[in-house]
Amino acid sequence: MIGLISATAAGAVARDRLAAAWPDRTRVYDGPVGDAVRRAFAECERLVCFLATGAVVRLVAPLLDGKTADPGVVCVDEGGRYAVSLLGGHAGGANDLAREVGAVLGAEPVVTTATDAVGIAGLDTLGLPVEGAVAAVSRALLDGEPVALRVEVAWPLPPLPVAEDGPYAIRVTDRAVEPAEREVLLRPPTLVVGVGASKGAPAEEVLGLIEEALREAGLSPRSVAELATVDAKAEEPGIVEAAARLRVPLVTYGAEELARVEVPNPSDAPLAAVGTPSVAEAAALLGGGELLVPKRKSSARPAMATCAVVRRPGRGRLAVVGLGPGARDLLTPRARAELERASVLVGLDQYVDQIRDLLRPGTRILESGLGAEEERARTAVAEAREGRAVALIGSGDAGVYAMASPALAEASDDIDVVGVPGVTAALAAGAILGAPLGHDHVSISLSDLHTPWEVIERRVRAAAEADIVVTFYNPRSRGRDWQLPKALAILAGHRDPATPVGVVRNASRPDESSRLTTLGALDPATVDMMTVVTVGNTATREIAGRMVTPRGYRWQEEPR
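Residues numbered from 1 in each chain as written. Predicted model: local features only at pLDDT ≥ 70, side-chain atom pairs only at ≥ 80, totals over all residues. Heavy atoms only, no water.

Details of the overall build of the protein chain
Phase 1 of the analysis: The secondary structure content of the protein chain amounts to 18 helices and 28 strands.
Phase 2 of the analysis: Based on the C-alpha atoms only, the size of the protein chain along its principal axes is roughly 90 × 65 × 50 Å.
Phase 3 of the analysis: When the 560 residues of the protein chain are sorted by exposure, 47% land in the buried category.
Phase 4 of the analysis: Put simply, of all contacts in the protein chain between residues at least 6 apart along the chain, 63% involve residues at least 24 apart.
Phase 5 of the analysis: Put simply, the protein chain shows about 26100 Å² of open surface, and 50% of that area lies on carbon and sulfur atoms. (Helix = DSSP H or I, 4+ residues; strand = E, 2+ residues; numbered from the N terminus. Buried < 20%, exposed > 50% of the residue type's maximum accessible area, 1.4 Å probe, protein only. Contact = heavy atoms within 4.5 Å. Areas by Shrake-Rupley, 256 points an atom, 1.4 Å probe, with all protein chains shown as cover.)

Thoughts on helix α12 (residues 333-341)
Phase 1 of the analysis: Those residues of α12 lying buried are Ala-335, Glu-338 and Leu-339. Buried residues in α12, looked at end-on, bunch into an arc of 100°, giving them a common side. Of the exposed residues in α12, those oriented more than 90 degrees away from the buried face are Pro-333 and Arg-334.
Phase 2 of the analysis: Lining the buried residues of α12 we find β16 (317-322), β17 (344-348), α13 (349-355), β19 (389-394) and β20 (416-420). (Arc of directions from axis to C-beta.)

Brief notes about the pairing of strand β22 (residues 441-445)
Phase 1 of the analysis: The sheet contact formed by β22 and strand β23 (residues 469-473) spans five bridges and is parallel. If you follow His-441 over to β23, its bridge partner there is Val-469. (Pairing = 2+ DSSP bridges.)

Examining the nonpolar core
Phase 1 of the analysis: In this structure, Val-193, Val-195, Val-206, Ile-210, Leu-214, Leu-227 and Val-309 are the most contacted members of the largest nonpolar core, which totals 23 residues.
Phase 2 of the analysis: When contributions to this core are tallied by element, the ones reaching two or more residues are β11 (191-197), α7 (203-217), β12 (224-230), α8 (237-246) and β15 (305-311).
Phase 3 of the analysis: In contact with Val-195, not counting residues within four places along its chain, are Val-206, Ile-210, Leu-227, Ala-228, Thr-229, Ile-239, Val-279, Ala-280, Thr-306 and Cys-307.
Phase 4 of the analysis: In terms of nonpolar packing, the next biggest core, distinct from the first, is built from 21 residues, Ile-456, Leu-488, Ile-490 and Leu-522 among them. (Core = buried A, V, L, I, M, F, W, Y, C linked by side-chain atoms within 4.5 Å.)

Overview of the sheet that holds strand β10 (residues 183-186)
Phase 1 of the analysis: Taken in spatial order, the four strands line up as β7-β10-β9-β8 in an open sheet, and their pairing is mixed. Edge positions in the sheet fall to β7 (130-132) and β8 (147-151), since each has one partner strand and no second. Strand after strand, the sheet turns through a mean of 20° between neighbouring axes, direction not considered.
Phase 2 of the analysis: Pairing analysis gives four bridges linking strand β9 (residues 168-172) to β10, with the strands arranged parallel. The residue of β10 that forms the bridge with Ala-169 is Glu-183.
Phase 3 of the analysis: Where helix α6 (residues 134-143) meets the sheet, its contacts fall on β7, β8, β9 and β10, and the angle it forms with β9 comes to roughly 115°. (Axes fitted to C-alpha atoms, helices over the stretch in contact; angles between N-to-C directions.)

Considerations on the packing of aromatic side chains
Each aromatic ring pair is specified by the distance between its two centres and by the angle formed by the two planes.
Phase 1 of the analysis: Applying the stated rule across the entire model yields two aromatic pairs.
Phase 2 of the analysis: When the centroid spacing of 4.7 Å and the interplanar angle of 55° are considered together, the rings of Tyr-401 and Tyr-473 count as tilted. Pair noted here: Tyr-401 is in the loop between β19 and α15 (404-410) and Tyr-473 is in strand β23, with a separation of 72 residues, a long-range link.
Phase 3 of the analysis: Exposure remark for Tyr-401: the relative accessible area of 46% places this residue in the partly exposed category.
Phase 4 of the analysis: Tyr-473 gets classed as buried once you look at its relative accessible area, which sits at 11%.
Phase 5 of the analysis: Between the aromatic rings of Trp-453 and Trp-482, the centroid separation amounts to 5.0 Å while the plane-to-plane angle is 70°, which identifies the pairing as edge-to-face. In this pair, Trp-453 is assigned in helix α17 (residues 453-466) and Trp-482 in the loop between β23 and α18 (483-492), connecting sequence segments 29 residues apart. (Phe/Tyr/Trp six-rings, centres within 6.5 Å; stacked < 30°, edge-to-face > 60°.)

Considering the pattern of salt bridges
Phase 1 of the analysis: In this structure the tally under the stated criterion is 34 salt bridges.
Phase 2 of the analysis: A salt bridge links Arg-171 to Glu-183, with the nearest nitrogen and oxygen atoms 4.0 Å apart. With Arg-171 in strand β9 and Glu-183 in strand β10, this pair connects stretches of sequence that are 12 residues apart. Both residues of the pair, Arg-171 and Glu-183, belong to the buried class.
Phase 3 of the analysis: A salt bridge links Glu-338 to Arg-317, with the shortest nitrogen-to-oxygen separation between them at 2.7 Å. Note that Glu-338 is positioned in helix α12 and Arg-317 in strand β16, a separation of 21 residues in sequence.
Phase 4 of the analysis: Residue Arg-317 is classed as buried on the basis of its relative accessible area of 15%. (Salt bridge = Lys/Arg side-chain N within 4 Å of Asp/Glu carboxyl O.)

Re the sheet that holds β16
Phase 1 of the analysis: Read from one edge of the open sheet, five strands run β18-β17-β19-β16-β20, paired in parallel fashion. Among the strands making up the open sheet, the edge pair consists of β18 (364-368) and β20. Pairs of neighbouring strands in the sheet enclose a mean axial angle of 15°, with direction left out of account.
Phase 2 of the analysis: As paired strands, β16 and β19 are joined by six bridges and run parallel to one another. In the strand pairing of β19, Leu-318 is matched with Val-390.
Phase 3 of the analysis: Lying over the sheet, α12 contacts β16, β17, β19 and β20, oriented at roughly 140° with respect to β16.

Side note on unusual backbone geometry
Phase 1 of the analysis: Note the cis peptide between Arg-301 and Pro-302, where omega equals 0°.
Phase 2 of the analysis: Non-glycine residue Asp-467 carries a positive phi angle of around 60°.
Phase 3 of the analysis: Secondary-structure assignment places Asp-467 in the loop between α17 and β23.
Phase 4 of the analysis: In this structure, Asn-506 takes a positive phi of about 50° despite not being glycine.

Here's the deal with helix α16 (residues 425-433)
Since the α-helix packs 3.6 residues into each turn, any two residues three or four apart lie on the same face.
Phase 1 of the analysis: Among the residues of α16, Ala-426, Ala-428, Ala-429, Gly-430 and Leu-433 are the ones counted as buried.
Phase 2 of the analysis: Of the residues one or two after α16, Gly-434 is the one with positive phi, at around 140°.

Quick look at the structure:
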C-alpha cells in the first residue's frame with residue numbers, strides 16, 4: 001500500500017488526483033501531518049508526501065530503521081512540478097515510484113541514486129537475493145574499475161559493465177559460500193526442492209530435512225525457487241508451513257503426471273499412498289534439470305518426510321521488440337524497459353543507431369546489415385539459449401514484416417519469449433492521413449523477395465474484390481518498379497478512379513512527408529521503399545483534407 005500525506009489545499013489537490021488514479025494502491029492519511037507520517041511509515045510499503053523535502057526529512061528521521069526495512073518515500077512539491085525520490089530509492093522502490101507519480105501528475109521525476117543517474121543496473125535491484133560488498137562493488141562499477149563477472153549458474157541478468165578479471169567481482173551462484181572482501185554474491189532461484197510427507201508430518205521435520213539436505217550438498221537456501229509435491233499433499237500443514245518459512249511457493253502436480261517421470265529411487269510406499277512411485281524426486285525433476293540431492297528421508301523414527309533437490313537451469317529470455325516508426329515519443333515505455341533490461345541487443349545496424357543512446361553500459365551489441373534477417377534471428381535465439389537476456393529489435397511492430405516471425409520459427413520451448421508491440425508504419429501513416437483504417441483493412445507487402453508475385457497478386461485481387469482498404473508495404477524500389485502499377489491496376493478494376501489514396505513517406509520522422517491523391521492520379525514513380533501507400537475502399541472519402549473510411553457503409557447512400 002502507498003500512503004498519501006498532504007498538509008495544504010494545494011497538496012491535497014495533487015494527492016487526490018493520485019488517489020483517484022490508483023484507488024486500489026493508495027490510502028490517504030488525514031490529521032496532523034506528523035501523526036499521519038508516523039502511521040503511514042509504520043503501515044505502508046511506500047509513501048508519497050506532498051510536502052517540502054526538508055519537512056519530510058525532519059519527520060521521518062526519528063523513524064528510520066535501515067535501508068532494507070524502511071519504506072520508500074517520494075516528495076512532491078505543492079505545484080506538482082517534481083517527484084523526488086527521497087528515501088529507499090532501490091530497496092524501498094522510491095525511484096520507480098517517483099517515475100510512476102511523475103507519469104500520473106505530469107511531474108518531473110528526480111532520482112539521484114548514482115547507478116540510476118548513469119544508467120547502470122543497481123545490484124540490489126536485479127530481483128535476486130544479494131550478499132556481500134554491494135556498496136564497494138557498485139562504487140567500482142561507477143568509477144569504471146574492473147569488476148569481474150563470475151557466472152557459476154547461468155541467469156538472464158541485465159547489462160553490467162564488467163570485465164574478464166579485476167579486484168572486484170560479481171559472482172552468480174547457488175552454492176553456500178561466503179562472499180570475499182570485494183565480492184557480491186547474486187543468488188538466482190535455480191533450486192527446486194521436491195517434498196513428500198506422511199499425513200501429520202511436523203513442519204519442523206520437513207524444514208529440518210530440507211535445510212540439512214541443502215547444507216550437506218553445499219547449496220544456499222536463498223536460491224530455492226519453490227517446493228514441489230503431489231496434489232494430494234497440497235494442503236499438508238507441515239509442507240505448507242515449510243514453504244511459508246522458506247518464503248517460496250508450493251507447486252503441486254497430479255499423481256499420474258509424476259508417475260511418468262523417470263527417477264533413480266522409485267518406491268512402493270508412495271505408489272500405494274498417493275498413486276505414484278515417486279513424489280520428492282519426480283516433483284523436483286518434472287520441469288527438467290540436474291538431480292543434485294537424490295531422495296533422502298528425515299532422521300526421525302519413523303521418518304515422516306522425504307526430499308530431493310534439483311538444479312533447474314536458468315532460462316534465457318528473448319524479447320522481440322518493436323521500435324515503432326521512428327519518432328522517439330512513439331517508442332513505448334515497455335520497449336524502453338526491454339532495451340534497458342537486455343544484456344545482448346541484436347538488430348539491423350540502422351535500427352540500432354536509433355536507440356543506441358538508450359542502452360545501458362555493458363550491453364553487448366550484435367548488429368548486421370540488410371538481408372541478414374534469418375541470421376539475426378538465429379543469433380538472438382542462440383544467445384538466449386546460453387541463458388542471457390536478449391532483445392531482438394525491428395522497426396514498427398516486430399511482428400509485422402519484421403523479426404518476430406523468423407525468431408519464433410527458430411525458438412523452441414527452452415527459452416522464454418516476450419513480444420513487445422510497436423506502432424506499425426500502417427498505423428503511423430493512418431494517423432497522419434486521418435482515419436483511412438476505420439473499417440476492415442489489410443496490409444500487403446509488394447516485395448517478391450520472400451513471396452512469389454503470383455501469391456501477392458492473388459492477395460491483392462482478393463482485397464480488391466472484397467472492397468477492403470489496402471496498405472501497401474515495400475511498394476517500389478529501383479529493382480522493383482512494376483509491382484505497384486500492377487497492384488493499382490487490379491484495384492482500379494473494382495474501384496472508382498476518384499478513390500482516395502494516401503501516400504506517406506518516413507512517417508513520424510523528421511523528414512516525414514504525406515499527400516492525399518486518388519487512385520487514378522497516383523504516379524507510382526513518386527513512391528519508394530520508405531513509403532506506405534494506403535488505398536481506400538468504395539466508402540472512403542476525403543473530408544476537410546483528411547482520408548476517412550467510415551465504420552459502416554451508410555455514407556454511400558448519402559449524396560456527395
